[in-house]
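Coordinate inspection notes
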Amino acid sequence: MNASIKAAVQVVDAPAVMGTLRARPRLLALGEPTHGEEILLEVRNELFRELVEREGYRTIAIESDCLMGLVVDDYVTSGTGTLDEAMARGFSHGWGEFEGNRELVRWMRTYNDGRPDSERLRFAGVDGPLEITGAASPRPVLTALHDYLAARVDAGLLPCTAETLDRLLGADDRWTDPGAMMDPSRSVGQTPEAARLRLLADDLVALLDWQTPHLIAASTSDEWDWARLYGRTATGLLRYHYWLADTSPSRLIRLLSVRDSMIAANLLAVAERDPTLVHAHNSHLQRDRSSMWMAGARQEWWSAGAIVSARLGEEYAFLATALGTIRHHGVRTPPPDTVEGMLYALPEDRYLVDPGRLAAALGDLTPAPRVSPWFGYAPLNPAHLASIDALMFVKDSDRSSLRM
């Protein structure tokens, strides 16, 4: 069996990845089964460098706050600020503390130095401004969108004044209360003021759409992209806050769905600009429905990858990653009857696996699902193999992956 499986694997590099895919995708999604393991960030960085140098990819997008990502993009494209500032202010979820992310940003800035705009690499965060225990105030994006439009269209077309927005928004800490994640009564998302803000946000985005020819002519390409980002984020945030205040049984599914819908919208926008490598958790990028246990029940929803794949077809490709061990978190040698266990028995440290050839090698054998002793690691679901374009297997992580 090992010999048959070995025939389905090869070394990991950009030509091998592209050779496994049916077409050259505009969005190549590289998933990871857990966050924060430096070995996975190193693999990502190596693949991105090769995609840039051999395949003409120009953007990397990661599972981080889409607004904070503008700080990193500004640094790597124009050298604004310092590397330390970009890492401190340009990432959410603590991702700026990881050496692999720091090395990525450092390399991108070095690559861009002295190059014309058309050849420069770009960085994007694609997650909403939604930290684990709460969501941001919509004030920054609503204000930025209103300011952008007010500077370019007749004042009579605006649905409200800046003062009206400020009054309806109120104090920001009303929006950012972390207790609202588990207690809907602490959310302001369904107050009369929030309801009015949702209508105004919709009108501002509609005005952005109606005035597209004029606004594109009156803006730089970055200004136009930022305005659309503000609009997407404002409507998404207000929708998320609305469902934070919900008390129905579908509340958590709605919240999970809104988040992935926001990620999908940002991915589609990035795809309009450049061929892009996307790096996020497998569960956000897979074509199958995502699921997790939360609040004592199994929650299921369509991932961002499923949404984008349905829209882009073969211009979207999903490269999942599976990991053998994370010993510092108690994830030890995988059982031999799992996909991870079969790949772990091979001699090399990492492989690129063709799922179709792997399925042929397995024949009638159905791999067992792996069970993780640590909540932070999601093993490969063998039932998902048919919807994965390629599988990257990394044998071992170690303590070097802990935060700096």
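Source: prediction; values computed, not measured. (Residues numbered from 1 in each chain as written. Predicted model: local features only at pLDDT ≥ 70, side-chain atom pairs only at ≥ 80, totals over all residues. Heavy atoms only, no water.)

A word on the layout of surface pockets
What counts here: Here a cavity is any set of points on a 1 Å grid over the protein atoms alone where a 1.4 Å probe fits but cannot get out, and a pocket is any open set with protein on both sides within 12 Å along at least 5 of 7 lines; a residue lines the site when it has an atom within 4 Å of a point. Grid points are joined across faces, edges and corners, and a volume is the space filled by probe spheres set on the points. The way it works is that DSSP assigns letters per residue, a run of H or I at least four long becomes a helix, a run of E at least two long becomes a strand, and they are numbered from the N terminus. All residues other than Ala, Val, Leu, Ile, Met, Phe, Trp, Tyr, Cys, Pro, Asp, Glu, Lys and Arg, Gly among them, are scored as polar; the first ten of these are nonpolar and the last four charged.
If you add up the space inside the second largest pocket, you get close to 340 Å³. Lining of the second largest pocket is provided by 16 residues; of these, Asp73, Thr77, Arg122, Asp222 and Arg273 occupy positions nearest its centre. For the lining of the second largest pocket, the secondary structure elements donating two or more residues are helix H4 (69–78) and helix H11 (221–244). The biggest single contributor to the lining of the second largest pocket is H4, with five residues. Considering only residue class, the lining of the second largest pocket consists of two nonpolar, four polar and 10 charged.

Describing the nonpolar core
Quick reminder of the rule: Think of a nonpolar core as a cluster: buried Ala, Val, Leu, Ile, Met, Phe, Trp, Tyr and Cys residues, connected wherever their side-chain atoms sit within 4.5 Å. Type-normalised accessible area, obtained with a 1.4 Å probe on protein chains alone, sets the label of each residue: buried when under 20%, exposed when over 50%, and partly exposed for intermediate values. Contact criterion: two residues are considered in contact whenever any of their non-hydrogen atoms come within 4.5 Å of each other.
Counting residues in each nonpolar core, the largest one holds 46 residues, and the members touching the most others are Leu28, Phe48, Met108, Phe123 and Leu319. Apart from residues lying up to four places away in sequence, Leu28 is in contact with Val17, Met18, Leu21, Leu51, Tyr57, Thr276, Leu277, Val278, Ala317 and Leu319. The next biggest cluster of nonpolar side chains, apart from the first, holds 38 residues, and it includes Leu268, Ala304, Val308 and Phe393.

Description of empty space enclosed by the protein
Scanning all chains against the criterion turns up four cavities of 30 Å³ or more. In terms of lining residues, the largest cavity is bounded by 17 residues, among which Asp225, Leu229, Arg232, Val270 and Arg273 are the most central. Counting residues per element, the lining of the largest cavity draws most heavily on H11, at five residues. By volume, the second largest cavity amounts to about 110 Å³. If you trace the second largest cavity, you find it lined by Glu32, His35, Gly36, Leu41, Arg44, Ile62, Glu63, Trp95, Phe98, Asn101, His279 and Ala280. Looking at the lining of the second largest cavity, the elements with two or more residues in it are helix H3 (38–55), strand S3 (59–65) and strand S5 (276–281). Looking at the lining of the second largest cavity residue by residue, the class counts come to five nonpolar, four polar and three charged.

Details of a negative patch on the surface
Selection rule: In this scheme, patches are assembled from residues that exceed 30% relative accessible area and form no salt bridge. Like charges are connected within 9 Å, while nonpolar side chains (Val, Leu, Ile, Met, Phe, Trp, Tyr) are connected within 5 Å. Computed with the Shrake-Rupley method and a 1.4 Å probe, the accessible areas treat only the protein chains shown as cover for residues. Salt bridges, as used here, are contacts in which a Lys or Arg side-chain nitrogen is within 4 Å of a carboxyl oxygen on Asp or Glu. Just so you know, the count uses Lys and Arg for positive and Asp and Glu for negative, and it drops His and the chain ends. One atom stands in for each charge, and that atom is NZ of Lys, CZ of Arg, CG of Asp or CD of Glu.
Residues Glu42, Glu348, Asp349, Asp396 and Asp398 make up a contiguous surface patch of negative charge. Looking at the secondary structure, you find Glu42 in helix H3.

Examining the packing of helix H7 (residues 139–150) against helix H9 (residues 192–210)
Where we set the bar: Between N-to-C directions, angles span 0 to 180 degrees; the directions come from axes that are lines fitted to C-alpha atoms, helices contributing only their stretch in contact. The cut-offs work like this: below 35 degrees is roughly parallel, past 145 is roughly antiparallel, 65 to 115 is roughly perpendicular, and the gaps in between are oblique. What makes a crossing left-handed is the near helix being turned counterclockwise from the far one by less than a right angle; a clockwise turn instead makes it right-handed.
The interhelical angle for the contact between H7 and H9, taken along N-to-C directions, is 40 degrees, at an axis separation of 11 Å. Accordingly, the angle class assigned to the pair H7 and H9 is oblique. Relative to H9, H7 is oriented so that their crossing is left-handed. Contact residues: Leu142, Leu145, His146, Tyr148 and Leu149 in H7; Leu197, Ala201, Leu204, Val205, Leu207 and Leu208 in H9. Grouping the constituent residues of the contact of H7 with H9 by class yields 10 nonpolar, one polar and no charged.

Let's talk about the environment of Gly236
With respect to the element layout, Gly236 can be found in helix H11. Overall, the relative accessible area of 1% leaves Gly236 in the buried class. In the structure, Gly236 is positioned 22 residues away from Val258 in sequence and 7.0 Å away in space, judged by C-alpha atoms. Among all residues touching Gly236, those that are not within four sequence positions of it are Val258 and Met262.

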